[in-house]
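Reading the structure
Read off the chains here:
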Amino acid sequence: MSSWLDYTINGLIVGNVYALVAVGLALIFGVSRLINFAQGSIYLVGAYIGWVAVVQLHTPLPVTIIVVAVASALVGLIIERFGLRPLQNSVRIAPLLATIGISFVLDQLVMLTVSPNPRALPSQLPDIRFQIGGGTIGPLDLLIAGVGLASALLLFVFLRYSKLGWAVRATAQDRDAAMQMGVDVNRVNQAVFGIAAALGGVSGLLVGMYYNQIDTAMSLQATLKGVVAEVVGGAGNVPGAVIGSLLLGLVESYGVAVFGTSYRNLFAFLLLVVVLVLRPNGLFASARQAPPEPLTGTFIAPSRPVRIPRWALLVAAGLFAVLPFFPVSFYVLQTLINAWLLGMLALSLTLVAGTIGQVSLGHAALLAIGAYTSALLSLTFSAPVGLAIIGGGLMSAALGTALISPSFRLRGHYVSIATLAIGEIVSLVILNWESVTRGPIGISGIPPLSLFGYELISPISIYWFSFIVMVVLALLQGRLLGSHLGRSFRAIRDDDVAARAYGLSLNRYKSLAFIFGGFAAGVSGGIAAHLYSYINHETFNTQQSILALTVVILGGLGNVVGAILGAVALVGLPEVFRIAAEYRILIYGIVLLLLVRFRPQGLLGTI
Amino acid sequence: MSNIDRRTLVKASLSAMMAGAAFSRAAFAQSSEPILLGVSGPLTGPNAQYGTQWKQGFDLALDEIQAAGGINGRKLAYQFEDSQSDPRQSVAIAQKFVSDPRIVMELGDFSSPASMAASPIYQRGGLVQFGFTNSHPDFTKGGDFMWSTSVSQADEQPLLAAYAVKRLGLKKLAVLHLNTDWGRTSRDHFVKAAKEYGAEVAVTEGYIAEERDFRSTLVRVRDASPDGLILISYYSDGALIARQARQVGLKQTICAASSVYSPKFLELGGEAVEDVHLGTRYFPEDPRPEVQKFIAGFKKKYNGQEPDAFNAYSYDAMNMAAAVVRIGGTDRRAIRDAFAKVKDVSSVIFGQATFDVESRRVKGAMNAELVVRKGQFALWDGKPT
């Protein structure tokens, strides 16, 4: 079949494009064991610097590439020096979060400077097409392949034969030993970030030219695909990243061939999950490689939590409970309703991420499962709304735990990557499973909240309802943490080897945590569905997951009161900053960075 | 909740306070303060570009309204709240607008999840939600305070199908559509109409908005051997598909929905969009005076920039809002009723816009059949390409 040849070639062409980002990610991971979520933002910056060079300054292609490489490398050096180096001795989750914050700041700065309108980035290569099979390739395809291969080769030579390369590899193997042998670790890190950023920037330029289009939304997609390719190939393995990218391209292309275009990303993320479950170190990791994460739990900051006296909590809860009696506007109440709903999600995530140490980046999927279940129960089976919401919670608990259970054997970063992928998969299944979820049309006409036949329509009654549900969930969770179960959870987080040695079954406890957490998140999603009356696959997106994680970190991982405090702060602050509409995400990113830098254990501390 | 009594008490005291505030303000406002419209839309986040385009259209319309003496001597103004097209924020904004007595009606939001999540609040609060880009078939079913001038896809797609099948003579079609509520609804209407006109739809492919690479999709399209490609796309993805179709050697006629009508489509698509056919609601050489006024005014205000479809939607929406407020005054219920009364408002998209009271939408969008010739949109001269 000639079509299969075409699908293969197309898959390789796209994989080629992914490889440029993946190589940079692999390099950084190889040295600093960090998944750099800001790589996509450097790619974006590179594309726009290229646009300025090509369209405004009319530079020829070689000059453009050099300009972009140098400027992007500078950005990389700045990120390394001011964003990540101060976190060297911090816990391992800190730099990961810092890169997320940096990507917010960079994306937003680009958007503020150049406006969010897409722009054309004309290719500077002659427009010749070569016929291969049923399709054609152009000189830009060859250039991208050339840059990808050449950079992989150069890196290989650099790492194997140059002195700095040896230092890089030594640092990757054992940072402390390398330092003792006199390796200037900071210089190594600098070199690596500079090279990776230059690669990232050039890839943004080339991909922009390839599509003749750049816009400020391209960064997240690039990061996602790059991370998938890198992890598939074996994190930290540069040739592995190239092969992983090609494989990703092929899987997507064959997925389109067999099932159709709308399934494309589903295959990308399924590939990732399958690889993570079967070969957590990636397809091409050597057996001799050190385990990707330390055995004992230094992933999360240990700290002494702030003790809040019980009477203060009671007073605060009392104040919020009687708030509607005071002349506050419905707008304030609605904002607080949002905070309570986010609070329930944060309770769920703080248990899963904080107490048992499974940092989830796909938590919005639990909201979506709860929301769809509750909406469909009440619409299709005319279930009373109260019961439907509980049904949503139960479904989230069951389905969420079942989906995540294959990745229970993963640690640290890999859990985050796997949950990120599962979150995307859930959203894509909702989009494609039309007979049940009504696909992109979404579900409209969801009945409003009601309890025992009374409709809760006024913001005041919704406020009380969501507040009470959240408080009940919080009390339950507090009780849970105080019991032996809570102690077992924390034991697993802090040292899973020791916990296992004491006879704790890791999978069982992780399941328990996800069941409880899934229920809280599902209830939150269910309430939201009835509040909004309309949901579709975009209502609960990745940004929600990242917001929830920020809330949890702000409050202090595992900290119940902290989760609620964080939710109020992160729902409230953007509303306060409404005047500075365009700058809100920027401020949000900066707050995240400062928090990670100066108080990684969160406002109230890890419990 | 058993405390119904308390709730009504609170409500009563709140509304008393609000009424008091409104009264003192009304007494003061009669002369100098502008009539305020609330706008809920994306200024940041992934849809930020559309919020920016809205503003351009609004500002141009407001300049003209103010120059013509405003609304019975008072100025018209809007307060734009950034929702990032996120339902969580649009519901908070909805409460904000509903409880702000200065706001007389609301415009937006952009995406269906954000708009329709806020609808119950506007409906219960008795504030008109005027969604001018909300093509979701269920949007105006949210209640009698939901009105929309978004071109109904049940109207637009048969026009496109007629262009492709009857005029261009295409018999076997491949439909590529954005897999969103808009794209899906449009596709269904298009496919239905195209079949009625006697064409065969060989393949339909939905893609997500972030998609960039369409090569494998285009292999599927090629294998279905259609004689025409139909793009139900926005301008950026439409340009990407057209480019890649030409690169992989597909030479079929391409026919696109009006949402690609933007100078950006030409810029991003380059030579690949040459000879692309599209149906639009207006075009630059359109002799209608409202179109000429809009295009000339827009170019003058924004340094020669060509307006696109979203600019036209928001420009029309602001003019419609002004017409409604002229009839309904500043009372929110009277404004809702005014939507049913307003007649033949001059409009770029509709020519003369009058609401169908039953569906709360406007029917009968204008139609022009364009083709890209020498890098410009031109009226199709009937010659095959």
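Residues numbered from 1 in each chain as written. Chains lettered and ligands numbered in written order. Predicted model: local features only at pLDDT ≥ 70, side-chain atom pairs only at ≥ 80, totals over all residues. Heavy atoms only, no water.

1. Observations concerning helix H24 (residues 584-598) of chain A
Using the following cut-off: Secondary structure follows DSSP: runs of H or I at least 4 residues long count as helices, runs of E at least 2 residues long count as strands, and numbering of each begins at the N terminus. Helices are assigned an expected span. That span is 1.5 Å times one less than the residue count. Buried residues are those whose accessible area, probed at 1.4 Å on protein chains only, stays under 20% of the maximum for their type, while exposed residues exceed 50% and partly exposed ones sit between those limits. Note on contacts: a residue pair qualifies if any of its non-hydrogen atoms lie within 4.5 Å across the two residues.
Its 15 residues give H24(A) an end-to-end C-alpha distance of 21 Å, which sits within 8% of 21 Å, the value for a rise of 1.5 Å per residue. All of the buried residues in H24(A) are Arg584(A), Ile585(A), Leu586(A), Tyr588(A), Gly589(A), Leu592(A), Leu595(A) and Val596(A). Each element contacted by the buried residues of H24(A) is listed here: helix H4 (93-114), helix H22 (542-555) and helix H23 (560-576) of chain A together with strand S2 (76-82) and helix H3 (87-98) of chain B.

2. A closer look at the nonpolar core
Stated formally: The term nonpolar core refers to a set of buried residues drawn from Ala, Val, Leu, Ile, Met, Phe, Trp, Tyr and Cys, joined through side-chain atoms within 4.5 Å.
Core analysis: the largest hydrophobic core is formed by 331 residues, its most contacted members being Leu37(B) and Met105(B). At 16 residues, the largest contribution of residues to this core is made by helix H13 (residues 330-355) of chain A. In this structure, Leu37(B) is in contact with Leu76(B), Ala77(B), Tyr78(B), Gln79(B), Ile103(B), Val104(B), Met105(B), Leu107(B), Met318(B), Ala321(B) and Val325(B), ignoring residues within four places of it in sequence.

3. Observations concerning the domain arrangement of chain B
Residues and elements named next belong to chain B. How we decide: Each domain span listed reflects an automatic or database assignment of domains. What gets called buried area is simply the loss in accessible area from a 1.4 Å probe that two parts show on being joined, summed for both. Think of a salt bridge as a Lys or Arg side-chain nitrogen and an Asp or Glu carboxyl oxygen that are within 4 Å of each other. The term polar contact refers here to a pair of N or O atoms within 3.5 Å; inside protein, the definition further demands a hydrogen-donor-capable atom paired with an acceptor-capable atom, and it admits residues adjacent in sequence only when both atoms are side-chain atoms.
Splitting chain B by domain gives domain 1 (20-151 + 296-353) and domain 2 (153-280 + 368-379). Computed from C-alpha atoms alone, the centre-to-centre distance between domain 1 and domain 2 is 31 Å. Counting from both sides, the interface comprises 14 residues of domain 1 and, opposite them, eleven residues of domain 2. Interface of domain 1 and domain 2: buried area, both sides summed, is about 1,000 Å²; carbon and sulfur atoms make up 55% of it. Considering only the surface of domain 1 that becomes buried against domain 2, Ser135, Val151 and Asp308 emerge as the three largest contributors, covering 36% of it. The tally of links from domain 1 across to domain 2 stands at zero salt bridges. On the surface where domain 1 and domain 2 come into contact, there are four residue pairs in polar contact (both at pLDDT 80 or more). Those elements that provide at least two residues to the side of domain 1 that touches domain 2 are helix H2 (48-67) and helix H11 (309-328).

4. Focus: the sheet that holds strand S6 (residues 172-178) of chain B
All names here are of chain B. Threshold: Two strands are counted as paired when DSSP detects at least two bridges linking them. As a rule, the C-alpha atoms of each element are fitted with a line to give its axis, helices using only the stretch in contact, and angles between N-to-C directions run from 0 to 180 degrees.
Spatially, S7-S6-S8-S9-S10-S15-S16 is the arrangement adopted by the seven strands of the open sheet, whose pairing is mixed. In the strand order of this sheet, the two ends are held by strand S7 (200-207) and strand S16 (376-379), each with one partner. Geometrically, the sheet is characterised by an average inter-axis angle of 25° between neighbouring strands, direction not taken into account. The sheet contact formed by strand S15 (residues 368-373) and S16 spans four bridges and is antiparallel. Note that in S16 the partner of Arg373 across the bridge is Gln376. Lying on the sheet, helix H6 (residues 181-196) is in contact with S6, S7 and strand S8 (228-232); it crosses S6 at an angle near 165°. Across the sheet, helix H8 (residues 235-247) lies against S6, S7, S8 and strand S9 (253-256), angled at about 160° from S8, the strand it touches most.

5. Thoughts on the pairing of S7(B)
Residue and element names in this part refer to chain B. Our working definition: Place the viewer so that the strands point away; then a crossover is right-handed whenever the path from the first strand over the helix to the second strand goes clockwise.
The pairing of S6 with S7 spans seven bridges and is classified as parallel. Note that in S7 the partner of Ala174 across the bridge is Val203. What joins S6 to S7 is H6, and the crossover it makes is right-handed.

6. A short note on the domain arrangement of chain A
Residue and element names in this part refer to chain A. In plain terms, the rule: Under the scheme applied, nonpolar residues are Ala, Val, Leu, Ile, Met, Phe, Trp, Tyr, Cys and Pro; charged residues are Asp, Glu, Lys and Arg; polar residues are all the others, including Gly.
When the domains of chain A are assigned, the result is domain 1 (2-116 + 137-278) and domain 2 (328-541). With centres defined by C-alpha atoms, the gap from domain 1 to domain 2 works out at 33 Å. Tallying the contact residues gives 23 residues for domain 1 and 18 residues for domain 2. Between domain 1 and domain 2 lies a buried interface of about 1,800 Å² when both sides are counted; carbon and sulfur atoms form 79% of it. For the pair domain 1 and domain 2, the number of links is zero salt bridges. Seen at the junction of domain 1 and domain 2, the total is two residue pairs in polar contact (both at pLDDT 80 or more). Only H4, helix H9 (218-233) and helix H11 (264-278) provide two or more residues apiece to the side of domain 1 that touches domain 2. It is H11 that contributes the most residues to the side of domain 1 that touches domain 2, nine residues altogether. Partitioned by chemical class, the residues of the side of domain 1 that touches domain 2 number 19 nonpolar, two polar and two charged.

7. Let's talk about the side chain of Asn319(B)
Residue and element names in this part refer to chain B. Relative to the elements of secondary structure, Asn319 occurs in helix H11. Judged by relative accessible area, which is 17%, Asn319 ranks as buried. When near neighbours in sequence (up to four residues on either side) are disregarded, Asn319 contacts Ala61, Ile65 and Val345.

8. A look at the packing of H2(B) against H11(B)
Residues and elements named next belong to chain B. Which entries qualify depends on this criterion: For classification purposes, an angle smaller than 35 degrees is called roughly parallel, one larger than 145 roughly antiparallel, one from 65 to 115 roughly perpendicular, and anything else oblique. Helix crossings are classified by the rotation of the near helix relative to the far one: an anticlockwise turn of less than a right angle makes the crossing left-handed, while a clockwise turn makes it right-handed.
Packing of H2 against H11 leaves a shortest axis separation of 7 Å and a crossing angle of 45°. Relative to H11, H2 is oriented oblique. As H2 runs across H11, the sense of the crossing is right-handed. Mapping the contact onto sequence places Tyr50, Gln53, Trp54, Gln56, Gly57, Phe58, Leu60, Ala61, Leu62, Glu64 and Ile65 in H2 and Phe310, Asn311, Ser314, Tyr315, Met318, Asn319, Ala322 and Arg326 in H11. The residue makeup of the contact of H2 with H11, split by class, is eleven nonpolar, six polar and two charged.

9. Regarding a nonpolar patch on the surface
Residues and elements named next belong to chain A. Put simply, the rule is: Here a patch means residues that are over 30% exposed by relative accessible area and free of salt bridges, tied together within 9 Å if like-charged and within 5 Å if nonpolar (Val, Leu, Ile, Met, Phe, Trp, Tyr). In these tables, accessible area is a Shrake-Rupley quantity obtained with a 1.4 Å probe, and a residue counts as shielded only by the protein chains included in the view.
A contiguous nonpolar patch, built from Trp311, Val315, Leu319, Val322, Phe325 and Phe326 and spanning about 620 Å² of accessible area, is present on the exposed surface. With respect to the helices and strands, the residue Trp311 is situated in helix H12 (residues 310-322). Under the relative-accessibility criterion, Trp311 is labelled exposed at 61%.

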